[in-house]
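Letter by letter, the chains look like this.
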Amino acid sequence: MIVRPLLEKCNRRILAMGFAMLVLAMTATCEEPKVKALTPTLPKPTFEGTPIDVRSPHREAYRGDNVPPPPLLVPTGTRLLSGGCAVRCNDDTVSPRDLALVTDGDKQYSPSAYLELAPGVRWIQIDLGTNAAIHAVCLWRERPEQCVYRDTVVQVSDDPAFETGVVTLFNNDYDNSAGLGRGNDKEYFEDHFGRRIAGNGVRARYVRITSNGNTSDPYNHYTEVEVFGE
Ligand SMILES: [Ca+2]
Ligand SMILES: [Ca+2]
């Protein structure tokens, strides 16, 4: 029979091609990785207790105590851009000293370590000092009592007035009560891991974060915000 040797020859070729493809794939995985998981330094957990009951179809399920969020992948060259950067806000009663708490690198909750803004729709704005590719914006707002902030909106722009060229990276204002447009992101429980919001490489100089009180009180708080990029 001439068919069997032919079949064996074909099988050997297929095997050889498969091996070549495997070697190629292994070579590809041995190359320098182009992305990495963002690993910001973390404060110790502040909240310990029973999760509050905030029933809402617009809220993420509670992940559980000390369960980290899914990894956020960023380009390998990503670094912290916002350390010590200037911060302003739309609450005139806030002192420059308190504004500096947002980018001073201290993420650990204490009664004197966070910025508090008056009730209502309030924003803080970080000036990175130069246009940069933004890969992540991380928020730390954990408090002793578990809470969920309302109308969290993270936007970037090269316009300090945020009137032109605004890109929205995150918006969980599902009913547009803050007036920045309806958002499809979910509300979430604050924790010591911080919220990691993808920047997708959008280029901008200014980062503005809006909120409108929380489930514990009508105030707006920030222990730290970190902007990562290149
Ligand atoms: Ca701080
Ligand atoms: Ca809302």
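Sequence order sets the numbering: in each chain, residues are counted from 1 along the sequence as written. Lettering of chains starts at A and numbering of ligands starts at 1, both following the order in which they are written. Reporting in this predicted model follows two pLDDT cut-offs: at least 70 for local features of residues, and 80 or more for side-chain atom pairs to be given and counted; totals over whole chains, interfaces and linings ignore these cut-offs and use all residues.

Asker: Mind laying out the nonpolar core, listing which residues take part and the relevant values?
Answerer: Joined through C-beta atoms within 7 Å, a set of buried Ala, Val, Leu, Ile, Met, Phe, Trp, Tyr and Cys residues constitutes a nonpolar core. Whether a residue is buried, exposed or partly exposed follows from its count of other C-beta atoms within 10 Å of its own C-beta, namely 20 or more, 12 or fewer, or something in between, respectively; the C-beta atoms are built from the backbone. By size, the foremost hydrophobic cluster in this structure holds 36 residues, and its most contacted members are V102, V137, V225 and V227. Listed by contribution, the elements that provide at least two residues to this core are strand 4 (86-89), strand 5 (115-117), strand 6 (122-140), strand 7 (153-157), strand 9 (195-211) and strand 11 (224-229). Ranked by residue count, the leading element in this core is strand 6, at ten residues. Residues contacting V225, with those up to four places away along its chain left out, are S82, V102, T103, I126, V137, C138, L139 and I209. Think of it this way: any DSSP run of H or I at least four residues long counts as a helix, any run of E at least two long counts as a strand, and we number them from the N terminus. By the criterion used throughout, residues are in contact when their C-beta atoms, derived from the backbone, lie within 7 Å.

Asker: Outline the environment of Y62, listing residues and values.
Answerer: Looking at the element boundaries, Y62 is found in the loop between strand 1 (35-37) and strand 2 (73-75). Note on Y62: 15 C-beta atoms within 10 Å, which makes it partly exposed. Considering only alpha carbons, one finds Y62 and F189, 127 residues apart in sequence, at a separation of 6.7 Å. Once residues lying within four places of it in the same chain are set aside, the contact partners of Y62 are P51 and F189.

Asker: Any chance you could break down unusual backbone geometry for me, citing the residues and the numbers?
Answerer: You will see that N66, though not glycine, has its phi angle at about 60°, which is positive. Here N66 is to be found in the loop between strand 1 and strand 2.

Asker: Tell me about the pairing of strand 11, and please be specific about residues and values.
Answerer: Taken across its six residues, strand 11 has six buried, putting it largely inside the fold. Burial along strand 11 is two-sided: E224, E226 and F228 and V225, V227 and G229, pointing in opposite directions, are all buried. Strand pairing requires that DSSP identify at least two bridges connecting the strands. As judged from the two bridges shared by strand 3 (residues 79-80) and strand 11, these two strands associate in the antiparallel manner. Following the sheet pairing, L80 is matched in strand 11 by F228. When strand 6 meets strand 11, the two strands line up antiparallel, connected through six bridges. By the bridge assignment for strand 11, V137 is matched with V227.

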